[in-house]
Amino acid sequence: MRTPQVVVVMGVAGTGKTTIGPLLAARLGVPYAEGDDFHPQANIDKMSAGIPLDDSDRWPWLDAIGHWAHGRAGLGGVVSSSALKRSYRDRLRAAAPGVVFVHLTGDRKLIEDRMRQRQGHFMPTALLDSQFATLQPLEPDEAGVAVDVGGSPEEITERAVRALDALPVASE
């Protein structure tokens, strides 16, 4: 039996990290942590005002997520984080070396449409272009999978589970 993984559900705003993360966690039988909850209030205020975060804003947030993921090593867990740049994922891996990524990908128009439909979220659609400009997809040497966000949340979750199951077991 495979040791439970710590999975980071990543992608640009609007791909469904907050929807798919809990569904994936339930399927894997592990706890879920909402990445947005790790943001300091100053970050939320910036994003709410339509101001993109810079790296100095993101480091404490990524460190907090990494700390949570480290604490779940060997136990498993799912956490959401945009993790758009390789350097962000490297920082998460530095804190929690065994993490694997599920990169939620999709057509920009579909993602924007979904963002417009959600209620009460601080991330405006105006920041979507900066998110796509910042995005560095997973590289071949990074443990993770890309999962298309077309279809229902259950279909997306099923694709993620199958893709994770197909990953080679990491040697400790």
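Everything discussed here concerns the structure shown above.
All figures in this text were calculated on a predicted structure; none of them were measured in a lab.

Visitor: What's the story with the sheet that holds strand β5 (residues 144-148) in this structure? I'm lost.
Guide: Backbone-to-backbone hydrogen bonds pair the strands of a sheet. The strands run either parallel or antiparallel. Reading across from one edge, β2-β3-β1-β4-β5 is the order of the five strands in this open sheet, with parallel pairing throughout. This sheet does not close on itself; its edge strands, each paired only once, are β2 (32-33) and β5. The strands touched by helix α1 (residues 17-28) within the sheet are β1 (6-10), β2, β3 (77-80) and β4 (100-105), with β1 carrying the most contacts at an inclination of about 160°.

Visitor: Please clarify how the nonpolar core should be interpreted in this entry.
Guide: Nonpolar side chains in soluble globular proteins generally cluster together in the buried interior. With 24 residues, the main nonpolar core has Leu-92, Val-99 and Phe-101 as its most contacted residues. Elements with a minimum of two residues in this core: β1, α3 (55-71), α4 (86-95) and α5 (108-117). Residue contributions to this core peak at five residues, all from α3. The residues contacting Leu-92, other than those within four sequence positions of it, are Val-8, Leu-62, Ile-65, Gly-66, Ser-81, Ala-83 and Phe-101. Residues Leu-24, Ala-25, Val-147 and Leu-164 belong to the second largest nonpolar core, which totals 18 residues.

Visitor: Is there a simple way to explain the packing of aromatic side chains in this structure?
Guide: Any aromatic ring pair is given by two values, namely how distant the centres are and how the planes are angled relative to each other. On inspection of all chains with the given rule, the structure shows one aromatic pair. On the basis of an interplanar angle of 85° and a centroid distance of 5.7 Å, the ring pair of Trp-59 and Tyr-88 is categorised as edge-to-face. You can see Trp-59 sitting in helix α3 and its partner Tyr-88 sitting in helix α4, a full 29 residues away along the chain. For Trp-59, a relative accessible area of 24% puts it in the partly exposed group.

Visitor: In this structure, what is going on with helix α2 (residues 41-48)? I would like to understand it.
Guide: Listing the buried residues of α2 in full gives Asn-43, Ile-44 and Met-47. With its buried residues spanning 100° around the axis, α2 presents them on a single face. Contact partners of the buried residues in α2: α3.

Visitor: Sorry, what's going on with the pairing of β5 here?
Guide: A regular strand places its side chains on the two faces of the sheet in alternate fashion. Side-chain alternation along β5 places Val-145 and Val-147 on a buried face and Gly-144, Ala-146 and Asp-148 on a face that remains uncovered. In terms of strand pairing, β4 meets β5 through five bridges, oriented parallel. Bridged to Phe-101 within β5 is Gly-144.

Visitor: Sorry if this is basic, but what is going on with the environment of Leu-75 here?
Guide: Here Leu-75 is to be found in the loop between α3 and β3. Sequence separation between Leu-75 and Asp-57 is 18 residues, and the spatial gap between their C-alpha atoms is 29 Å. In this structure Leu-75 touches Pro-4 and Val-30, once residues within four positions along its chain are discounted.

Visitor: Sorry if this is basic, but what is going on with the packing of α3 against α4 here?
Guide: The packing of two helices is summarised by the inter-axis angle and the distance between the axes. Between α3 and α4, whose axes approach to 8 Å, the crossing angle comes to 35°. In this structure, the crossing between α3 and α4 has a hand that is right-handed. In this structure, α3 uses Asp-55, Arg-58, Trp-59, Leu-62, Asp-63, Ile-65, Gly-66, His-67 and His-70 to contact α4, whose residues at the interface are Ser-87, Tyr-88, Arg-91, Leu-92 and Ala-95. Across the contact of α3 with α4, the residue classes break down as six nonpolar, four polar and four charged.

Visitor: Looking at this structure, how should I read the pattern of salt bridges?
Guide: Oppositely charged side chains can form a pair if their charged atoms are brought close together. If you walk through the whole model with that rule in mind, you get 14 salt bridges. Between Lys-46 and Asp-57 there is a salt bridge, with the nearest N and O atoms lying 2.7 Å from each other. Here the residue Lys-46 occupies a position in helix α2, and Asp-57 occupies one in helix α3, the gap between them amounting to eleven residues. Close ionic contact of Asp-129 with Arg-108 constitutes a salt bridge, the shortest N to O distance being 2.5 Å. Of the two residues, Asp-129 sits in helix α6 (residues 128-134) while Arg-108 sits in helix α5, which places them 21 residues apart along the sequence. When its relative accessible area of 48% is taken as the criterion, Asp-129 is described as partly exposed. Residues joined by salt bridges that share partners form a network here, namely Arg-86, Arg-89, Asp-90, Arg-93, Glu-139, Asp-141 and Glu-142.

Quick notes on the rules
- Residues numbered from 1 in each chain as written.
- Predicted model: local features only at pLDDT ≥ 70, side-chain atom pairs only at ≥ 80, totals over all residues.
- Heavy atoms only, no water.
- Pairing = 2+ DSSP bridges.
- Helix = DSSP H or I, 4+ residues; strand = E, 2+ residues; numbered from the N terminus.
- Contact = heavy atoms within 4.5 Å.
- Axes fitted to C-alpha atoms, helices over the stretch in contact; angles between N-to-C directions.
- Core = buried A, V, L, I, M, F, W, Y, C linked by side-chain atoms within 4.5 Å.
- Buried < 20%, exposed > 50% of the residue type's maximum accessible area, 1.4 Å probe, protein only.
- Phe/Tyr/Trp six-rings, centres within 6.5 Å; stacked < 30°, edge-to-face > 60°.
- Arc of directions from axis to C-beta.
- Left-handed = near helix turned anticlockwise from the far one by under 90°.
- Nonpolar A, V, L, I, M, F, W, Y, C, P; charged D, E, K, R; others polar.
- Salt bridge = Lys/Arg side-chain N within 4 Å of Asp/Glu carboxyl O.

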